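One letter stands for each residue in the lines below.
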Amino acid sequence: MRLYATVAAGGFRRHATYRIATAAGVFTNTVFGFILSYTYIALWDERPLLGGYDMADALAYVWIGQGLIAVCGLMGGGFEDELIERIRTGDIAVDLYRPADLQAWWFSATMGRSAYQLLARGVVPMAIGALVFDFRLPSGPATWLAFVLAVALGSVVSFAIWYLVAMSAFWLMDGQGVLQVAWLGGLFFSGMLLPLNVFPGALGEVARLLPWASMLQIPADVYLEKYDGWGLLGAYAFQLAWAAVLLTAGRLAQSLATRKVVVQGG
């Protein structure tokens with residue numbers, strides 16, 4: 001455990017050194033936040049209470065999304081390209097023979113990265129949005145804590161998805177195709193473009209059952225206090241269930257990949 005805590009701390013420090021990139025990310029998220037805010041204002045003026053959200057909810061949703069892009073890896077986990085490249089070049093064999101679990105290593109590094117992104121790229125855009133727009137704020141500290149927990153669980157699900165994407169390179173040799181599909185899936189089914197509550201009929205029902213809902217839609221609804229009591233526990237259980245399924249799938253893929261490396265090496 002001490003090793004992985006050190007890896008997580010290293011992941012935090014590593015991304016903290018990219019200050020210019022962080023500032024550029026904050027600027028980009030803020031600009032897109034303004035664009036989406038005015039788009040949502042026009043849409044909700046025409047359709048009040050669309051998806052069960054009022055205007056204040058909708059604007060809060062915009063800025064939550066901008067704050068969580070990097071934290072929950074909505075458009076990429078931040079590590080999959082590096083891992084895919086190590087698989088492609090064969091350097092991954094060294095990683096698999098190390099006395100450290102590959103999945104746990106990358107998970108720890110990613111959680112360190114997510115913690116940094118929450119502080120650096122999550123807080124600032126939301127603070128700017130709160131100063132400019134009249135969006136909903138939680139009613140008390142308990143909601144903030146519940147929101148942070150939902151974000152943490154969403155980050156775990158995100159890691160599990162991107163780890164599986166990277167593992168696919170063991171059999172495809174080039175994971176870019178799978179990477180693009182996962183990127184589009186995350187963009188659409190996380191609710192990044194529009195809340196999943198707005199999606200009609202069967203499409204909405206399916207979208208809300210997919211793992212990407214854990215990354216934005218559920219944390220946003222926790223923030224907006226759409227859950228209480230057992231409903232909140234059910235939302236957490238949904239995130240935990242997907243995390244368990246996807247992490248187990250990643251563990252299986254890693255085991256098969258290790259066997260493949262051993263056979264080829266032997």
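Structure: above.
Residues numbered from 1 in each chain as written. Predicted model: local features only at pLDDT ≥ 70, side-chain atom pairs only at ≥ 80, totals over all residues. Heavy atoms only, no water.

Enquirer: It is not clear to me how the side chain of Gln66 should be interpreted in this structure. Could you clarify?
Expert: One can find Gln66 in helix H3 (residues 55-68). When sequence neighbours within four positions are dropped, the list of residues in contact with Gln66 reads Asn29, Phe32, Gly33, Leu36, Arg121 and Met192. (Helix = DSSP H or I, 4+ residues; strand = E, 2+ residues; numbered from the N terminus. Contact = heavy atoms within 4.5 Å.)

Enquirer: Any chance you could explain the pattern of salt bridges here in plain terms?
Expert: When charged atoms on two side chains of opposite charge get close, those side chains can pair. As enumerated under the stated definition, the model contains six salt bridges in all. The residue Lys226 makes a salt bridge to Asp57 at a minimum N-O spacing of 3.1 Å. With Lys226 in the loop between helix H11 (217-223) and helix H12 (230-265) and Asp57 in helix H3, this residue pair connects regions lying 169 residues apart in the sequence. When its relative accessible area of 36% is taken as the criterion, Lys226 is described as partly exposed. Between Arg251 and Asp101 there is a salt bridge, with its nearest N and O atoms 2.4 Å apart. Taken as a pair, Arg251 in helix H12 and Asp101 in the loop between helix H5 (92-97) and helix H6 (102-132) lie far apart in primary sequence, 150 residues in all. (Salt bridge = Lys/Arg side-chain N within 4 Å of Asp/Glu carboxyl O. Buried < 20%, exposed > 50% of the residue type's maximum accessible area, 1.4 Å probe, protein only.)

Enquirer: Which parts of the structure should I look at to understand a nonpolar patch on the surface?
Expert: Nonpolar side chains collect at one region of the surface, where Phe12, Leu119, Val123 and Val124 lie side by side and expose about 320 Å² of accessible area between them. In terms of residue count, the dominant contributor to the nonpolar patch is H6 (three residues). Summarising the element assignment, Leu119 is placed in helix H6. Residue classification places Leu119 among the exposed residues on the basis of a relative accessible area of 54%. (Patch = residues over 30% accessible without salt bridge, like charges linked within 9 Å, V, L, I, M, F, W, Y side chains within 5 Å. Areas by Shrake-Rupley, 256 points an atom, 1.4 Å probe, with all protein chains shown as cover.)

Enquirer: Would you mind going over the environment of Ala16 with me for this structure?
Expert: Topologically, Ala16 is positioned in helix H1 (residues 2-16). Taking the C-alpha atoms as reference points, Ala16 and Tyr4, separated by 12 residues in sequence, lie 18 Å from one another.

Enquirer: I keep staring at the packing of aromatic side chains and nothing clicks. Help me out?
Expert: Geometry of an aromatic ring pair is reported as the spacing of the ring centres plus the angle between the planes. Considering all chains together, one arrives at 18 aromatic pairs under this definition. Ring plane angle 85° and centroid distance 5.5 Å describe the contact between Phe12 and Tyr116, whose orientation is recorded as edge-to-face. Placement of the pair is Phe12 in helix H1 and Tyr116 in helix H6, with a sequence separation of 104 residues. Overall, the relative accessible area of 10% leaves Tyr116 in the buried class. (Phe/Tyr/Trp six-rings, centres within 6.5 Å; stacked < 30°, edge-to-face > 60°.)

Enquirer: Got a minute to help me understand the nonpolar core in this structure?
Expert: Most often, soluble globular proteins have nonpolar side chains that are buried together. If you look at the biggest cluster of nonpolar residues, it comprises 63 residues, and the most contacted ones within it are Ile64, Leu83, Met167, Leu216, Val222 and Tyr223. Sorting elements by how many residues they give to this core places helix H7 (residues 141-167) first, with 15 residues. Val222 has contacts with Thr143, Ala146, Phe147, Ala150, Tyr227, Leu232 and Tyr236, leaving out every residue within four places of it along the chain. (Core = buried A, V, L, I, M, F, W, Y, C linked by side-chain atoms within 4.5 Å.)

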